[in-house]
Amino acid sequence: MKHTLFIVVYSNFEGFCTSPKAAQQIVEGFEAISVRYPEIRWTHMFNPMHLICSRECGSVFVPYLQRQAEVGLHLHLFYSLVEALGVTPRKEPRGSGDY
């Protein structure tokens with residue numbers, strides 16, 4: 001009997017994606033695991049920060065996510081993300097970890 005293993009990954013790509021090369025290495029890592037263990041079905045809880053603030057990394061991640069994974073949202077509302085969407089963020093009151 002064949003079984004499927006479902007894995008949910010909270011993908012903090014925006015923290016590790018410093019260049020398209022770094023993005024490609026991340027994608028290749030997930031693809032290598034998928035080749036070795038084809039029974040895995042990934043769900044990436046994905047933060048779209050790099051799509052808005054780093055299009056170079058997004059150009060690597062989007063094709064992978066479209067062909068290999070289910071996608072959910074994992075949001076950190078960084079000031080730079082909110083500003084890139086054309087909204088002026090309120091910066092008070094401050095909580096821990098505000099950037």
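As a reminder, the structure under discussion sits directly above these lines.
Because the structure is predicted, anything quoted here is derived from the model rather than measured.

Peer 1: What is the right way to read the side chain of Thr 43 from this model?
Peer 2: In this fold, Thr 43 is placed in strand β2 (residues 40-46). With residues up to four places along the chain from it excluded, the contact list for Thr 43 reads Ile 7, Val 8, Val 9 and Glu 70.

Peer 1: Is there a simple way to think about helix α4 (residues 55-68) in this case?
Peer 2: Quick reminder: α-helices carry 3.6 residues per turn. Residues three or four places apart thus point the same way. With 14 residues, α4 should reach 20 Å at 1.5 Å per residue; the first-to-last C-alpha distance of 20 Å fits that figure. Those residues of α4 not exposed but buried are Cys 57, Gly 58, Val 60, Phe 61, Tyr 64 and Leu 65.

Peer 1: What should I look at first to understand the packing of aromatic side chains in this one?
Peer 2: Aromatic ring pairs: the centre-centre distance and the angle between the two ring planes describe each pair. A full pass over the atoms with the stated rule returns 2 aromatic pairs. A ring pair is formed by Phe 30 and Trp 42, whose centres lie 5.0 Å apart and whose planes are at 85 degrees; its orientation type is edge-to-face. Residue Phe 30 is found in helix α2 (residues 20-36), and its partner Trp 42 is found in strand β2; the two are separated by 12 residues along the sequence. Comparing Phe 30 with Trp 42, the two get one shared label, buried. Taking the centre distance of 6.2 Å and the plane angle of 25 degrees together, the rings of Phe 30 and Tyr 64 count as stacked. Taken together, the residues Phe 30 in helix α2 and Tyr 64 in helix α4 connect sequence positions 34 residues apart.

Calculation notes
- Residues numbered from 1 in each chain as written.
- Predicted model: local features only at pLDDT ≥ 70, side-chain atom pairs only at ≥ 80, totals over all residues.
- Heavy atoms only, no water.
- Helix = DSSP H or I, 4+ residues; strand = E, 2+ residues; numbered from the N terminus.
- Contact = heavy atoms within 4.5 Å.
- Expected span 1.5 Å × (residues − 1).
- Buried < 20%, exposed > 50% of the residue type's maximum accessible area, 1.4 Å probe, protein only.
- Phe/Tyr/Trp six-rings, centres within 6.5 Å; stacked < 30°, edge-to-face > 60°.

Read these as spatial facts, not as claims about activity.
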